[in-house]
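The residues making up each chain are set out below.
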Amino acid sequence: GHYPVRELWSRARSCWKKILTHESRSILVVAHNAVNQALIATAIGLGTEYFRVLLQSNCGVSVLDFIPKSEGGSPEICVNRLNQTPSSPISAGGGRKTSTRIILVCHGFPQNNLEGSNPFSVDIPMNMLGTIQAQKIAELLLDAKVSIVVSSSAVASVETANAISRVQEAADCLGADCVPRYVDAKQVADFDVENILHKTKKDLTSFQPLQSSWLKGFEEEVKKELWQKSGVAWQLLLEELSKGSSNPENVVVAVGHPALHIAMMGHCLNLSDEWLGLFHLDAGSISVVDFPDGPTGGGVIQCINYTAHLGRWSVPITKIKGKYENIVT
């Protein structure tokens, strides 16, 4: 008659009632990793079946944004960060041990992101900040032997993917007698979502810079099309993961627009398009999904919007301080 995880979820709901009575705009919560898992899940409306699916590591920081609605009522809740740790999520990891994973990489800053123009163009190369971010991503991924890099055809995505491939191929060839390791790389049309976002009747420049829950601002038909295409893209990644199942270290890297990765994480968690806007991603960030039971098993999210590798070349989580409240667990 004792159900520990159900009790954990019940306690987390009670904790929120106490936490949210504070008048502070930013609140720090320090607790056991299981409690933090329950706090995050109950905040965004996920049940006990998600225990040990959204990981929390020792000293891992997760950030929940509570965004007030103009009409009042309950705020929108968005996971700004999940499990950002002092150590690399690629080398250290957490939860059940596995070398089978999908790493979602948001391409580096394109030139228009700093110039205030259309943030969804496919023909814009990265600016200097984006180029540095791509190199930082490539260095972080040296802790894994990448099997394949899949990207959209957007110029910034291709440039980021190329940086990752070049560093991966050079990593095993630093000595005079070494032979370069080939990393398969390809562009996939199902990763191109910018054209879908362009179908909105709203001013696209109003989405810049991309803030928490920005995807909720699009029309329902746009979000549904994005959701359908991202579902195809996610299945493609699972197929790529299955192809290398005989490889003891099977790592698939996907490079694309934040909107694509936000939607694909929803598919990973078996959610619906109503959940679009649940997560936030920054340029140059990575999100890691582990598959301890193989490609046919459920994905375990190691981290979301990890940017510690970017250092000063990142956008801090306080970038829009005062616009909404932060809850840190």
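Remember, it's a predicted structure, so these values are computed and weren't measured experimentally.

**Q** Help me understand the packing of aromatic side chains in this model?
**A** For any pair of aromatic rings, geometry is given as the distance between the ring centres together with the angle between the planes. Within the structure shown, the criterion is met by four aromatic pairs. Note on Trp 214 and Phe 218: the rings are 6.0 Å apart at their centroids and 70 degrees apart in plane angle, and the pair reads as edge-to-face. A relative accessible area of 7% places Trp 214 in the buried class. One Lys or Arg, Arg 6, reaches over the ring of Tyr 3 and ends 4.1 Å from the middle of that ring.

**Q** Quick question: what am I supposed to make of the confidence of the model for the protein here?
**A** Regions with low pLDDT should not have their predicted coordinates read in detail. A residue-level look at the protein finds 88% of positions with pLDDT of 70 or above and a mean pLDDT of 87. Low confidence marks residues 316–323, where pLDDT is under 50. Its contacts with residues over four positions away, or in another chain, come to 13 contacts.

**Q** Help me understand the pairing of strand β4 (residues 100–106), please; the structure alone is not making it clear to me.
**A** Regular strands place side chains that alternate from one sheet face to the opposite one. With seven of seven residues buried, β4 is to be regarded as a mostly interior element. Neither face of β4 is exposed, since Thr 100, Ile 102, Leu 104 and Cys 106 on one face and Arg 101, Ile 103 and Val 105 on the opposite face are all buried. The pairing of β4 with strand β7 (residues 250–256) spans seven bridges and is parallel. Among the inter-strand pairings, Leu 104 is bridged to a residue of β7, identified as Ala 254.

**Q** Can you help me understand the pattern of salt bridges in this one?
**A** Oppositely charged side chains can pair when the atoms bearing their charge come close. If you walk through the whole model with that rule in mind, you get nine salt bridges. Measuring nitrogen to oxygen at the nearest pair gives 3.0 Å for the salt bridge that ties Lys 223 to Glu 220. Residue Lys 223 and its partner Glu 220 are located together in helix α6 (residues 220–243), separated by three residues, close to a single helical turn. Of the residues examined, Lys 223 reaches a relative accessible area of 11% and is grouped as buried. Several salt bridges share partner residues, and in doing so they unite Lys 186, Glu 240 and Lys 243 into one network.

**Q** Sorry if this is basic, but what is going on with the environment of Glu 159 here?
**A** Following the sequence through the fold, Glu 159 ends up in helix α4 (residues 155–171). Since its relative accessible area comes to 28%, Glu 159 is described here as partly exposed. For the pair Glu 159 and Gly 108, spaced 51 residues apart in the sequence, the C-alpha separation amounts to 8.6 Å. Apart from residues lying up to four places away in sequence, Glu 159 is in contact with Pro 125 and Met 126.

Conventions adopted
Each residue is numbered by its place in its chain's sequence as written, counting from 1. Reporting of local features is limited, given that this is a predicted model, to residues whose pLDDT is at least 70; pairs of side-chain atoms are given and counted only at 80 or more, and all residues count toward the totals for whole chains, interfaces and linings. Excluding hydrogens and water, the side-chain figures rest on all heavy atoms present in the structure. Put simply, two rings from Phe, Tyr or Trp (the six-membered ring, in Trp's case) pair if the centres are within 6.5 Å, and we call them stacked under 30 degrees between planes, edge-to-face over 60, tilted for the rest. To sort residues, take the accessible area from a 1.4 Å probe on protein chains only and compare it with the maximum for the residue type: under 20% means buried, over 50% means exposed, and anything in between is partly exposed. By the criterion adopted, a ring carries a charge over it if an Arg CZ or a Lys NZ lies within 6 Å of its centre and within 35 degrees of its normal. A score between 0 and 100, pLDDT records how confident the predictor is in each residue. Note on contacts: a residue pair qualifies if any of its non-hydrogen atoms lie within 4.5 Å across the two residues. Here a strand is any run of E in DSSP of at least two residues, a helix any run of H or I of at least four, and the numbering for each starts at the N terminus. A pair of strands is considered paired only if DSSP assigns at least 2 bridges between the two. Any carboxyl oxygen of Asp or Glu within 4 Å of a side-chain nitrogen of Lys or Arg constitutes a salt bridge here.

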